[in-house]
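The primary structure of each chain is shown beneath.
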Amino acid sequence: MNLFDIKDPTFLKNLSLTELEDLSEDIRSFLIESLKKTGGHLSSNLGTVELIIALHYVFNSPKDAIIFDVGHQAYTHKILTGRAKEFESLRQTDGLSGYINYKESIHDMWESGHAGTAMSALYGLLYAKMMKNEDGEGIAVIGDASIMNGMSVEALNLLGNDPNKRGIIILNDNQMSISKSVGSLSKALIRFRSNKVVIKSKRIWQRILPDIILRILSRIKRSVRTLLQRKNIFEDLGYMYIGPIDGHDLKGLIYNLKRISKIKKSVVLHIITDKGKGHKDAENDSIGTYHGVSKVSHKVKEGITWSQCIAAGLDQLQTFKETFVIMPAMTVGTKMDNFEKKYPNRYFDIGIAEEHGATMAAMMAHQGVPVFYPLYATFSQRAFDQILNDIARSNHHVVFGIDRAGIVGEDGSTHQGLFDVSMFGLMPNFVITMPYDAQEAFDLLYYGFVNQSHPFVIRYPRGRVSHDIKEDIKFNTIKPVWTYFKKGIDPLVLIGYGPSLDLLKDAADQSGIDATIINARFIKPIDEHMLKDILSKDVKVLVYEEASNIGGLYPMILKYMAKHELKHKIVEMSITDMVVEHGHYQDVLKKCHMDKDSIIKHIKDLMK
Ligand SMILES: Cc1ncc(C[n+]2csc(CCOP(=O)(O)OP(=O)(O)O)c2C)c(N)n1
Ligand SMILES: CC(=O)[C@@H](O)[C@H](O)COP(=O)(O)O
Ligand SMILES: [Mg+2]
């Protein structure tokens, strides 16, 4: 069928099973082709095609609210709610968001981007419906890795104990997070998964047997299980558990969802899916390479990613200091796979458990073990209290690799790395740094582990950095001071950190101003000696930060100036008090008035 003709999901109700199956094939082919052009979360979406068709077939969205955990697996939902045409702009500037997005559709009921929120959102929805005396179901779709997140467990604990609310939880079990799922809950799921052959043969019975027989068989199965007292964790928590069933079998899905809609109790429907279904390489991927893919491009990319740079530096550092890595489910993105292979005893994938990881790191540091804790800037926010209370307050020597710091581009507002400087900045004892280039990254890593003993942040962006991976890595001893990136003769000082320094230099050159540019690689504490030196002259100052300035470098400089009654003209360029949407990095920079032209304009205004 022509997916572009779909306006809303009501058409599904008139389709036969064969037509629904054909539709699932059409959607799968469409996704595979479309994502070659735009990139996106390929594997997770190929795994949920039948589930989402069945949900929209049985339920009535938006009266029945479908709540997607993370929201990265909802492309079929976007198609069925009339957005197929917009897929050519998926994750592009001003285009379709890669996640659930309130502004896009009345069917988009829960925005998140961060894992583990769907259960709490479901419970909130059920309460809201009760308060507003409103009909309709609440259905949470959550992956096997996200259901083990602390937040999910907190909500599961409460909803299972509430006899007056009825939530539907679809556990989409593909035994994968981005990489393999971890932990004992994951093992428990495997235990009560029947083997795949049994699940697939169920599909055949479902086709042959009439519904009434299926219902009787399932009752018998449940009674036998109750008799044998073989409860599983969900039943222990107060839910009716149904499954495991084949999550690619539309007939079975529809049959079970219809059945569930008549049950009065909260239910967990456990479905088994293949992550990457229909795409051979994605199906066989046990590493996580196909979880999210970039658009197909034949351009040769220069340099390496910042994540690769930090991973290489950390590997080399092992000759000086053996470090332990706590990894919150992001081995692929942070490029720590080699480290994991090389030092399996010093690497622990903790799953989506950023809070747990922070407190665990605190204790390990307290016991004298050097810990590296790589976190995407946006996900570090999850562990605010643990980092503040367990690490910062006690001044524990944990080294944080804050990856995806700054504008992340295509992932958009839920993933922007704009608040880490503010967050770590307000915490006592923290040292916050950002390298300009690969060598400075290596030096800061060495400094963070070897030359100092505070909680330490090295932040780095999503993009690439110039470095030849075959080259030997050497560490230079550096001091916790700012450096002159460029000394100029005009009375203008530009202060920034990280790779943005190149942009500042280009902008100054293009403005025809011979500005002094400062590399404030130690964002906190600030270099007061250097500031004193700069501000001993009659200069104008521009502070540039690809981050929220609340708690950032600019207010720290302002405080210094206020304390010393300095009255220099100073302006800031930063990303403050706004939600930054998805798009190409350069476009987003421009929208935030942080691009080269905006800097030039500021420089010209300052020098008038
Ligand atoms: C708090 C948080 N940490 C990490 C991530 C990154 N992340 C996005 S999806 C994902 C894996 C989710 O696995 P699962 O819930 O099983 O869904 P699947 O993709 O397998 O369908 C991870 C780790 C995130 N979005 N939020
Ligand atoms: C869904 C999610 O949160 C991750 O998959 C994220 O999209 C990864 O981002 P990177 O592509 O920057 O690793
Ligand atoms: Mg999964």
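All values reported here derive from a predicted model rather than from experimental measurement.

The rules behind the values
- Residues numbered from 1 in each chain as written.
- Chains lettered and ligands numbered in written order.
- Predicted model: local features only at pLDDT ≥ 70, side-chain atom pairs only at ≥ 80, totals over all residues.
- Heavy atoms only, no water.
- Buried < 20%, exposed > 50% of the residue type's maximum accessible area, 1.4 Å probe, protein only.
- Helix = DSSP H or I, 4+ residues; strand = E, 2+ residues; numbered from the N terminus.
- Pairing = 2+ DSSP bridges.
- Right-handed = clockwise from strand over helix to strand, strands pointing away.
- Axes fitted to C-alpha atoms, helices over the stretch in contact; angles between N-to-C directions.
- Donors = N, O, S within 2.8 Å, 3.2 Å for Na, K, Ca; no water.
- Core = buried A, V, L, I, M, F, W, Y, C linked by side-chain atoms within 4.5 Å.
- Contact = heavy atoms within 4.5 Å.
- Near = heavy atom within 4 Å.
- Polar contact = N/O pair within 3.5 Å; in protein donor to acceptor, adjacent residues only side chain to side chain.
- Areas by Shrake-Rupley, 256 points an atom, 1.4 Å probe, with all protein chains shown as cover.
- Nonpolar A, V, L, I, M, F, W, Y, C, P; charged D, E, K, R; others polar.
- Domains from an automatic or database assignment.
- Patch = residues over 30% accessible without salt bridge, like charges linked within 9 Å, V, L, I, M, F, W, Y side chains within 5 Å.
- Salt bridge = Lys/Arg side-chain N within 4 Å of Asp/Glu carboxyl O.
- Lys, Arg positive; Asp, Glu negative; His and termini not counted.
- Charge placed at Lys NZ, Arg CZ, Asp CG, Glu CD.
- Parallel < 35°, antiparallel > 145°, perpendicular 65-115°, else oblique.
- UniProt positions renumbered as here; feature names shortened; annotations may be inferred.
- Buried area = accessible area lost by both parts, 1.4 Å probe.
- Phe/Tyr/Trp six-rings, centres within 6.5 Å; stacked < 30°, edge-to-face > 60°.
- Lys NZ or Arg CZ within 6 Å of the ring centre and 35° of its normal.

Undergrad: Just to check I follow, could you spell out the pairing of strand E16 (residues 516–519) for this structure?
TA: Successive residues of a regular strand alternate their side chains across the two faces of the sheet. Both faces of E16 are covered, namely the face carrying Thr516 and Ile518 and the face carrying Ile517 and Asn519. Bridge analysis of strand E15 (residues 492–496) against E16 gives 4 bridges, and the strand direction is parallel. In the strand pairing of E16, Ile495 is matched with Ile518. Handedness of the crossover is the feature at issue here: the chain leaves E15, passes through helix H20 (residues 500–511), returns alongside E16, and the resulting connection is right-handed.

Undergrad: I tried to follow the sheet that holds strand E19 (residues 570–573) on my own but got confused; where do I start?
TA: Two pairing modes exist for strands in a sheet, parallel and antiparallel, and in both the strands are linked by backbone hydrogen bonds. Pairing in this open sheet of 5 strands is mixed, and the strands run E14-E16-E15-E18-E19 from one edge to the other. Each end of this open sheet is capped by a strand with a single partner; those strands are strand E14 (483–486) and E19. Across this sheet, the average inter-strand angle for adjacent strands is 25 degrees, counted without regard to direction.

Undergrad: Would you mind showing me how to read the coordination of the magnesium ion (ligand 3) here?
TA: Six octahedrally arranged donors around a metal ideally form angles of 90 or 180 degrees; four tetrahedrally arranged donors ideally form angles of 109.5 degrees. Those protein atoms acting as donors to the magnesium ion (ligand 3) are Asp144 (OD), Asn174 (OD1) and Met176 (O), and they sit at 2.0 to 2.2 Å. Taken in sequence order, the residues that donate to the magnesium ion (ligand 3) follow the motif D-x29-N-x1-M. With Asp144 in the loop between strand E2 (138–143) and helix H6 (150–159) and Met176 in the loop between strand E3 (168–173) and helix H7 (184–192), this pair connects stretches of sequence that are 32 residues apart. Like Met176, Asp144 is buried.

Undergrad: I keep staring at the nonpolar core and nothing clicks. Help me out?
TA: One recurring pattern in soluble globular proteins: nonpolar side chains tend to sit buried together. Among the nonpolar cores identified, the biggest contains 89 residues, and Phe400, Trp482, Ile495 and Leu553 are the most heavily contacted of them. Ranked by the residues each element gives to this core, the list is headed by helix H19 (residues 438–451), at 8 residues. With residues up to four places along the chain from it excluded, the contact list for Trp482 reads Ile495, Ile518, Asn519, Ala520, Arg521, Phe522, Ile526, Asp527, Met530, Leu531, Leu553 and Ile557. Ranked by size, the runner-up nonpolar core spans 51 residues in total, among them Val49, Tyr75, Ile242 and Val267.

Undergrad: Teacher, can you tell me more about the site of ligand 2 here?
TA: Taken together, His41, Val70, His72, Tyr99, Ile178, His291, Tyr376, Phe379, Arg404, Asp411, His415 and Arg462 make up the full set of residues adjacent to ligand 2. At a separation of 2.9 Å, an oxygen atom of ligand 2 approaches a polar side-chain atom of His41. In the model, an oxygen atom of ligand 2 is placed 2.7 Å from a nitrogen or oxygen of the His415 side chain. Relative to its unbound accessible area of 360 Å², ligand 2 is 86% covered by the protein chains. Its residues assigned to classes, the shell around ligand 2 comprises 5 nonpolar, 4 polar and 3 charged. Two domains each put at least three residues into the shell around ligand 2: domain 1 (3–283) and domain 2 (304–465).

Undergrad: Mind showing me how you'd approach a positive patch on the surface here?
TA: Together, Arg215, Arg219, Lys258 and Lys262 make up a region of like positive charge exposed at the surface. Its location among the elements puts Arg215 in helix H9 (residues 211–227). Looking at Arg215, the relative accessible area reads 36%, which means it is partly exposed.

Undergrad: Mind showing me how you'd approach the sheet that holds strand E1 (residues 65–68) here?
TA: Reading across the sheet, the 5 strands line up as E1-E2-E3-E5-E4 and stay open at both edges, with parallel pairing between neighbours. Each edge of the open sheet is held by one strand with a lone partner, namely E1 and strand E4 (240–246). Going across the sheet, the axis of each strand differs from the next one's by a mean of 20 degrees, ignoring polarity. Sheet topology note: the E4/strand E5 (residues 267–272) ladder contains 5 bridges and is parallel. Across the sheet, the residue bridging to Ile242 is Leu269, located in E5. Most of the contacts of helix H5 (residues 118–132) go to E2, to which it runs at about 175 degrees, and overall it touches E1, E2 and E3.

Undergrad: Would you mind going over the packing of helix H15 (residues 354–366) against helix H17 (residues 384–392) with me for this structure?
TA: A pair of packed helices is characterised by two quantities: the angle between their axes and the separation of those axes. Packing of H15 against H17 brings their axes to within 9 Å, and their N-to-C directions diverge by 5 degrees. As far as their axial angle goes, H17 and H15 are roughly parallel. Between H15 and H17, the contacting residues are Glu355, Ala358, Thr359 and Ala362 on the first element and Gln386, Ile387, Asp390 and Ile391 on the second. Of the residues that constitute the contact of H15 with H17, the class distribution is 4 nonpolar, 2 polar and 2 charged.

Undergrad: Quick question: what am I supposed to make of the UniProt feature "binding site: Mg(2+)" (unreviewed entry) in the chain here?
TA: Feature annotation in UniProt places "binding site: Mg(2+)" (unreviewed entry) on Asp144 and Asn174, given in this structure's numbering. Annotated residues spanning 31 residues; largest pairwise C-alpha distance 6.8 Å, indicating a single compact cluster. A relative accessible area of 1% means that Asp144 is categorised as buried. Not counting residues up to four positions away in its chain, the partners in contact with Asp144 are Leu171, Asn172, Asp173, Asn174, Gln175, Met176, Ser181 and Leu189. A distance of 3.3 Å separates the side chain of Asp144 from the backbone nitrogen of Asn174, its partner in a polar contact. Structurally, the position occupied by Asn174 is in the loop between E3 and H7.

Undergrad: Hey, could you run me through the domain arrangement of the chain in this one?
TA: Often, the extent of an interface is quoted as the loss of accessible area upon association of its parts. On domain assignment, one finds that the chain holds domain 1 (3–283), domain 2 (304–465) and domain 3 (483–606). In this structure, domain 1 and domain 2 have C-alpha centres spaced 33 Å apart. Counting residues at the interface gives 17 residues for domain 1 and 17 residues for domain 2. Summed over both sides, the interface of domain 1 with domain 2 buries roughly 1,400 Å², with 50% coming from carbon and sulfur. Where domain 1 packs against domain 2, one counts 1 salt bridge. A salt bridge links Asp411 to Arg91, with the shortest nitrogen-to-oxygen separation between them at 2.9 Å. Linking domain 1 to domain 2 there are 7 residue pairs in polar contact (both at pLDDT 80 or more). Across the side of domain 1 that touches domain 2, the residue classes break down as 6 nonpolar, 9 polar and 2 charged.

Undergrad: Quick question: what am I supposed to make of the packing of aromatic side chains here?
TA: How two aromatic rings sit relative to each other is given by the distance of their centres and the angle of their planes. Within this structure, the stated rule accounts for 19 aromatic pairs. Ring plane angle 55 degrees and centroid distance 5.0 Å describe the contact between Phe424 and Phe430, whose orientation is recorded as tilted. You'll find Phe424 and Phe430 in the same group, each marked buried. Plain terms: the ring middles of Tyr447 and Phe522 are 5.4 Å apart, the flat faces sit at 85 degrees to each other, and that makes the pair edge-to-face. With Tyr447 in helix H19 and Phe522 in strand E17 (residues 522–524), this residue pair connects regions lying 75 residues apart in the sequence. You'll find Tyr447 and Phe522 in the same group, each marked buried. Across from the ring centre of Tyr127, 4.0 Å away, lies the NZ or CZ of Lys165, which sits over that ring. Over the ring of Tyr484 we find Lys487, and its NZ or CZ is 4.4 Å from the ring centre.

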